[in-house]
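# Close look at the chain arrangement
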Amino acid sequence: MPHQGDILTLQRHFQYHIQYAVPVEIYRDKVHVAIGVVTAADEGFVELQGTLYNRSLFTFISRPGY
């Protein structure tokens, strides 16, 4: 599945990260916002440890090994 530094765009990418607890890093307009484990995701939002992030406003990057 996604490798270190890959941008997550597909629902299956998020499901993989949820299933294997692979950390993601979140950016908005190239500004780092958060890093952690995705707890839920649907077509519109990603939940990262209790906070919802709109998939159209934020960029999600795979960070295995964090």
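Look above for the structure.
Reading guide: rules and limits
- By convention here, each chain's residues receive numbers from 1 onward along its written sequence.
- In view of the model being predicted, local features appear only for residues whose pLDDT reaches at least 70, and side-chain atom pairs are presented and counted only at 80 or more, with totals across whole chains, interfaces and linings using the full set of residues.
- Hydrogen atoms and water are omitted, and side-chain values are computed over all heavy atoms in the structure.
- By nonpolar core is meant a set of buried Ala, Val, Leu, Ile, Met, Phe, Trp, Tyr and Cys residues that side-chain atoms within 4.5 Å join together.
- For each residue, the accessible area found with a 1.4 Å probe, counting protein chains only, is set against the maximum for its type, and the residue is called buried under 20%, exposed over 50%, and partly exposed in between.
- Numbering of helices and strands runs from the N terminus; a helix is a DSSP stretch of H or I covering at least four residues, while a strand is a stretch of E covering at least two.
- Residue contacts are defined here by distance: any two heavy atoms, one from each residue, within 4.5 Å place the two residues in contact.
- Two strands are said to pair when DSSP picks up at least two bridges between them.
- Comment: axis = line fitted to C-alpha atoms, over the contacting stretch for helices; angle = value between 0 and 180 degrees taken between N-to-C directions.
- What counts as a ring pair is set by centres within 6.5 Å for rings of Phe, Tyr and Trp (its six-membered ring), and what kind of pair is set by the plane angle: stacked under 30 degrees, edge-to-face over 60, tilted for all other angles.
- Note on criteria: charge over ring means Lys NZ or Arg CZ within 6 Å of the ring centre, with the direction from the centre no more than 35 degrees off the ring normal.

## Remarks on the nonpolar core
- Counting 12 residues, the largest nonpolar core is built from Leu8, Phe14, Val24, Ile26, Ala34, Val38, Ala41, Val46, Leu48, Tyr53, Phe58 and Phe60.
- Listed by contribution, the elements that provide at least two residues to this core are β1 (23-28), β2 (31-41) and β3 (45-48).
- Tallying contributions element by element places β2 first for this core, with 3 residues.
- If sequence neighbours within four positions are ignored, phenylalanine 60 has contacts with Asp6, Ile7, Leu8, Phe14, Glu25, Ile26, Val46, Tyr53, Asn54 and Arg55.

## Concerning the sheet that holds β3
- A sheet is described by the order of its strands in space; here 5 strands give the open sequence β4-β3-β2-β1-β5, paired in antiparallel fashion. The sheet terminates laterally at β4 (51-54) and β5 (59-62), the two strands that pair on one side only. In this sheet, adjacent strand axes meet at a mean angle of 50 degrees when their direction is disregarded.
- In the sheet, β1 pairs with β5 via 4 bridges, with the strands oriented antiparallel. Across the sheet, the residue bridging to glutamate 25 is isoleucine 61, located in β5.
- Packing of helix α1 (residues 11-20) onto the sheet brings it into contact with β1, β2, β3 and β5, and relative to β2 it is tilted by some 80 degrees.

## Some words on the packing of aromatic side chains
- Throughout the structure, instances matching the rule amount to 3 aromatic pairs.
- Seen from their ring centres, phenylalanine 14 and phenylalanine 60 are 5.4 Å apart, and the 80 degrees between their planes marks the pair as edge-to-face. With phenylalanine 14 in helix α1 and phenylalanine 60 in strand β5, this pair connects stretches of sequence that are 46 residues apart. Accessibility classification places phenylalanine 14 together with phenylalanine 60 in one group, the buried group.
- Between the NZ or CZ atom of arginine 28 and the centre of the ring of phenylalanine 58, over which it lies, the distance is 5.5 Å.

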